[in-house]
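Commentary on secondary and tertiary structure
Residues per chain are reported as follows:
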Amino acid sequence: MVRRALRLYRLEGRLELLPHGLWADGYPRLWLPPVPGDAVAREPWFWAVDGRGERHPLAWPGGTPWGDGQTVFRALAQRGWAGPRPFISRLPLHPHRLPPAARHLVRQVLLAASRLPPNGSCSFPRWPIEPSWEVWKAVLACCSLPVPSFRWPEAERYGLCLSHDVDTAAGQCNVLALARIEEDLGLRSAWFLAPGNYRIDRGLWGEMTARGHEVAAHGLRHDFKLPYLSPRRMAARLDRCCELLAEFGAAGFRSPAFLRTPPLVEAVAARFVYDSSVPDTLRLHGPDGTGCVFPWRLGPLVEVPVTLPYDGELLALGLDARACFALWCRKAAWIRQVGGLVHLLTHPDPRFTADRSQRELYRRTLAAILEADGPLWHGLPVEAARVAASQQAGRWQTGEPASGASSSHEALVNRATDETISLTGAGCST
Ligand SMILES: [Zn+2]
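Read on for an overview of the structure. (Residues numbered from 1 in each chain as written. Predicted model: local features only at pLDDT ≥ 70, side-chain atom pairs only at ≥ 80, totals over all residues.)

For the pair helix α7 (residues 231-245) and helix α8 (residues 262-269), the least separation of the axes is 11 Å and the interaxial angle reads 40°. Judged by the angle between their axes, α7 and α8 are oblique. The chirality of how α7 crosses α8 is right-handed. Within the contact between the two elements, α7 uses P231, M234, A235 and L238 and α8 uses P263, L264 and A267. Across the contact of α7 with α8, the residue classes break down as seven nonpolar, no polar and no charged. (Axes fitted to C-alpha atoms, helices over the stretch in contact; angles between N-to-C directions. Helix = DSSP H or I, 4+ residues; strand = E, 2+ residues; numbered from the N terminus. Parallel < 35°, antiparallel > 145°, perpendicular 65-115°, else oblique. Left-handed = near helix turned anticlockwise from the far one by under 90°. Contact = placed C-beta atoms within 7 Å. Nonpolar A, V, L, I, M, F, W, Y, C, P; charged D, E, K, R; others polar.)

Running from N to C, helix α5 (residues 175-184) and helix α11 (residues 356-371) point in directions that differ by 20°, and their axes come no closer than 10 Å. With respect to α11, the axis of α5 lies roughly parallel. Between α5 and α11 lies a crossing whose hand is right-handed. Facing α5, whose interface residues are A177, L178, I181 and E182, α11 presents R359, Y362, R363 and L366. Class assignment of the residues belonging to the contact of α5 with α11 gives a composition of five nonpolar, no polar and three charged.

In spatial order, the strands read β2-β1-β3-β4; together these four strands make up an open sheet with antiparallel pairing. A single partner strand is all that each edge strand has here, and the edge strands are β2 (29-32) and β4 (55-59). Within this sheet the neighbouring strands show an average axis-to-axis angle of 45°, counted without direction. Where strand β3 (residues 46-49) meets β4, four bridges bridge the pair, whose relative direction is antiparallel. When the bridges of β4 are listed, V49 appears paired with R55. Running at roughly 95° to β2, helix α3 (residues 132-142) makes contact with β1 (7-13), β2, β3 and β4 of the sheet. (Pairing = 2+ DSSP bridges.)

Here it is as structure tokens:
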């Protein structure tokens, strides 16, 4: 698989036609595959300006330099197939043999090594918001070109999913405290278990599924080696994991630390309904993710991306509760604006969302998301995957012609709300 290069371009042209605030950081920039310099038949409505200040025609009514909009989406989605391989995956000892404080230190070092800036960077995907998918969709819609289409059930405006990775036995002991917070707010979540890392409490998980929660798979041993094993050993681990979780109907998978390779994606596709190992943007081991905040197709799988910075990432950055709350609310508001999926991952393990103050932060954040404007669809990740799977793969809608000043902000936001991404993996092998 050859990954297409991406370049960061400044967007120029009829920006007044695009939803206000779409680029999140105040600058109309987006990542694109290199823009061909071909002559165009019509006057462009949008230009891509490269780092040297040269302007490339980007989109005009009925056309782009690539002929259709899919080229850009495929290039962005390619980042879902693999992420950076961290040093920790090469360690001979199991990381959970280290005490929690030492593991916390390792996370801090990894984040420092990735030079995580507070508000984005010059690499793809920017953090904590990568708006290229949404900017490109808005550009296509303005130019009456097809955009990928997705509808939330009951015509809801955006989605909310919650999930937890239960990495350790100590984390399993804290599950009910987090579940009660969700249930008091009328919410349920998915719990990704590593059943080879600790003895799973079958009574607990039977009760949790009876209460409406979902049990899913988080690999077998959580030693960060799964994506890099031989096909035979990878299959053996996944099969054992499925066997241990079979009574709970586990349909979803998330790789520890979001680590993945193309062979792992294919092995997961043979055993699970959906995957949740591809964040929209993550910096733990260096820039990682696709920038996509909707359920989408990763080859034969439905991908249900984690779209809010997860608890371990923010804690390793040293953010206090007030800063975490502000960041989560800011990102959720942006996702709500574009009609995407707010998906928050937290851990019940020590040093994550286990103690009282962190649980209170979690409760406040969920309450704030629920209080925000707009009809909200809430479901389990497996239900979000079913929503995506029930819609035709590659369903595209033609954007209505934008007519100058008459294309109001609200109309464009509503149009963006009506659609999301559903790509086949066919274009990912170029
Ligand atoms: Zn984990």
